[in-house]
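Residue-level structure breakdown
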Amino acid sequence: MLLSLTGCGGGSNADGLRLDLDKRDPERLLRFYLGSYLGSDGGDAFEAGVLSGEGTYRLHPDKLEARWRPALDSANADGDGRIDWDEFVDFIDRTYADARNLPPMLDAFRSSVPYAESDSAWFTVEIDGVMTNARRHIFAPMASLRSALEGYQANDEQLIYPVGTALVGEHRLDGDLAETTVMQKRADGFWDFFVYGADGALASATATEPRPLQSPIQCIGCHFGQKLFEPEKSFPAAAPDGPFGPRGIRVGSDMRNAEIVTFFNEHAKRSDTVLGLYGTLFVSKLIADRDAGRLASEDASLLQTLGF
Ligand code: HEC
């Protein structure tokens, strides 16, 4: 009796496993990661009993679906009754893609999310940024972007994208597709992060220079963090070159409106863990269109909703 209470025997005692992640804001991280194991919508890991605590947290393997437990046991192979960051990463690496039921091939993903160049249903922008040396081609669904902008005031001046929204970043080297990175919004409010390689298969990390980014662990590191990155940080001014080459958001002067950049403060605020400036760029463009006397009426009312 006493033995089982003190946690001997590894995984499944009633007290669960102590999580020693040694991370800033562990609750948010844990909500994201463990919510990932609660079905296609994600879910609340505290409500589900998978997670407990405040300040220090415990994971309750008996509340997870049985199919995830072997990976957890193997992550906790030393059986010390606690999970440190490396053990946690090991568990996530082994199970996340299955838990999220990610489409195994880019083609399959693309049949449900048909993004395409010069399709007016998609807002597109090219960036030389921090994730890769490759040129990034970003695709954001127009309908989601409009919805986030329409809800800006109601959402306490945040850009919150609708559930199901997919933001896609293609990495192109000399015009060829080298890999594809995706964020897709779940019903629990978090996004899933994933990567397809040049061969079109789901990959555990990016492969372009200057360094592989492990998915989803490293993705979350930046997207949940506070650090400001170039070229977003300097925009609309030009960004200084990075250690691996030039950086910039490749848009014309119609999308460089300092007033709108300040208004949304989109990169620093990173509402919804989105780091790019899609609201800023789109609204800047609409204002330029209005100045040029060619604004559609639905766009005029969007600008009005925002107070411009
Ligand atoms: C070094 C920090 C960093 C890491 C690591 C990182 N990102 Fe990003 N990500 C950014 C920044 C900055 C942007 C906005 C500029 C851009 O697209 O280059 C961004 C943009 C994105 C976008 C477009 C939506 C948005 O937030 O603007 C997607 C999709 C994305 N990242 C997916 C991923 C995935 C998947 C991973 C992990 C494999 C990842 N990111 C890792 C910094 C990072």
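Since the structure is predicted, the reported quantities are computational estimates derived from the model, not experimental observations. (Residues numbered from 1 in each chain as written. Predicted model: local features only at pLDDT ≥ 70, side-chain atom pairs only at ≥ 80, totals over all residues. Heavy atoms only, no water.)

Bringing the coordination of the iron atom of the ligand into the picture now. Every protein donor of the iron atom of the ligand is listed here as Met131 (SD) and His223 (NE2), and their distances to the metal cover 2.2 to 2.4 Å. Around the iron atom of the ligand sit six donor atoms; with metal-centred angles ranging over 84 to 179°, the donor geometry is octahedral. Of the two residues, Met131 sits in the loop between strand S5 (122-128) and strand S6 (135-141) while His223 sits in helix H7 (residues 217-223), which places them 92 residues apart along the sequence. Under the relative-accessibility criterion, His223 is labelled buried at 12%. (Donors = N, O, S within 2.8 Å, 3.2 Å for Na, K, Ca; no water. Tetrahedral: all angles 85-135°; square planar, octahedral: opposite > 155°, others 65-115°. Helix = DSSP H or I, 4+ residues; strand = E, 2+ residues; numbered from the N terminus. Buried < 20%, exposed > 50% of the residue type's maximum accessible area, 1.4 Å probe, protein only.)

Another aspect to go through is the domain arrangement of the chain. When the domains of the chain are assigned, the result is domain 1 (2-99) and domain 2 (106-306). The C-alpha centroid of domain 2 is placed 32 Å from the C-alpha centroid of domain 1. Between domain 1 and domain 2, the residue contacts involve 17 residues of the former and 16 residues of the latter. Buried area between domain 1 and domain 2, both sides added, is near 1,300 Å², and the carbon and sulfur share of it is 63%. Of all residues in domain 1, the largest losses of buried area upon contact with domain 2 belong to Arg28, Phe32 and Tyr96, amounting jointly to 42% of the total for that side. On the surface where domain 1 and domain 2 come into contact, there are zero salt bridges. Run the count over domain 1 and domain 2 and you get seven residue pairs in polar contact (both at pLDDT 80 or more). Contributing elements (two or more residues each) for the side of domain 1 that touches domain 2: helix H2 (26-35) and helix H4 (85-99). Each residue belonging to the side of domain 1 that touches domain 2 can be placed in one class, and the counts come to eight nonpolar, four polar and five charged. (Domains from an automatic or database assignment. Contact = heavy atoms within 4.5 Å. Buried area = accessible area lost by both parts, 1.4 Å probe. Salt bridge = Lys/Arg side-chain N within 4 Å of Asp/Glu carboxyl O. Polar contact = N/O pair within 3.5 Å; in protein donor to acceptor, adjacent residues only side chain to side chain. Nonpolar A, V, L, I, M, F, W, Y, C, P; charged D, E, K, R; others polar.)

With respect to topology, four strands assemble into an open sheet ordered S2-S3-S1-S4, the strand pairing being mixed. This sheet does not close on itself; its edge strands, each paired only once, are strand S2 (51-54) and strand S4 (82-84). Direction aside, neighbouring strands of the sheet carry axes that sit 25° apart on average. The sheet contact formed by S2 and strand S3 (residues 56-59) spans four bridges and is antiparallel. By the bridge assignment, Leu51 is partnered in S3 with Leu59. (Pairing = 2+ DSSP bridges. Axes fitted to C-alpha atoms, helices over the stretch in contact; angles between N-to-C directions.)

Below, the discussion takes up H2. For H2, every residue scored as buried is listed here: Leu29, Leu30, Phe32, Tyr33, Leu34 and Gly35. Looking at the buried residues of H2, the elements they touch are strand S1 (17-20), S2, S3, H4, strand S9 (191-196) and H7.

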